[in-house]
Amino acid sequence: MGRIDFVLECVPSFVCRMLPNQRNWGELHEKDYSGQKAIYWEVKYPFPLSNRDYVYVRERKDLEVNGRKIWVVLAKSLAVSQCPEKAGVIRVKDYKQSLALESDGANGTKVFMNYFDNPGGKIPPWLVNWAAKSGVPAFLTDMQKACNNYVKYCKNKK
């Protein structure tokens, strides 16, 4: 899929938490729903489209395969009755994401992502095509910014 110019072993742990906030997309919080920890995320769509929201679970695995470290993050939508839909916001009920990160052996990280969501509602085809075309480069750019910001955050924290 792509590559970022950064090697950081804790990339997956902070990217999951920080990346959605990089673009100020909307409300994001993690909550326990009857023993099931889930994430609520409302995404602000441009006018005249309605905002979308997601309720999903996420799991992270750190793997070692033939001496290579690979980090995998999986996420999928979850129906939670304790998190009702909001008026004027369309709930995304079909969402899946698989993200794998691995060092490129030099000074970068290889990023592999498989993403699907059905945003529901009526979205013009031209907008769907634009989002598909610009989404992956924007994701990699945001991940690069998140990595750089994390290093600054760690230095300032000391």
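Only a predicted model underlies this, so the values are computations on that prediction, with no experimental measurement involved.

## Observations regarding the overall build of the protein
For the protein, the count of helices and strands is two helices and eight strands. Taken from N to C terminus, the helices and strands of the protein fall in the order β-α-β-β-β-β-β-β-β-α. Residue burial in the protein is summarised as follows: out of 158 residues, 37% are buried. When the accessible area of the protein is evaluated, it comes to approximately 9900 Å², of which 54% is carbon and sulfur surface.

## A closer look at unusual backbone geometry
Backbone geometry places asparagine 66, a non-glycine residue, at a positive phi of 50 degrees. By the element assignment, asparagine 66 lies in the loop between β4 (52-65) and β5 (68-77).

## A word on the packing of aromatic side chains
Taken as a whole and assessed by the stated rule, the structure comprises four aromatic pairs. Ring-pair connections join several aromatic residues into one group, and the members of that group are Trp41, Tyr54, Tyr56, Tyr95 and Tyr115.

Criteria and cut-off values
Residues numbered from 1 in each chain as written. Predicted model: local features only at pLDDT ≥ 70, side-chain atom pairs only at ≥ 80, totals over all residues. Heavy atoms only, no water. Helix = DSSP H or I, 4+ residues; strand = E, 2+ residues; numbered from the N terminus. Buried < 20%, exposed > 50% of the residue type's maximum accessible area, 1.4 Å probe, protein only. Areas by Shrake-Rupley, 256 points an atom, 1.4 Å probe, with all protein chains shown as cover. Phe/Tyr/Trp six-rings, centres within 6.5 Å; stacked < 30°, edge-to-face > 60°.

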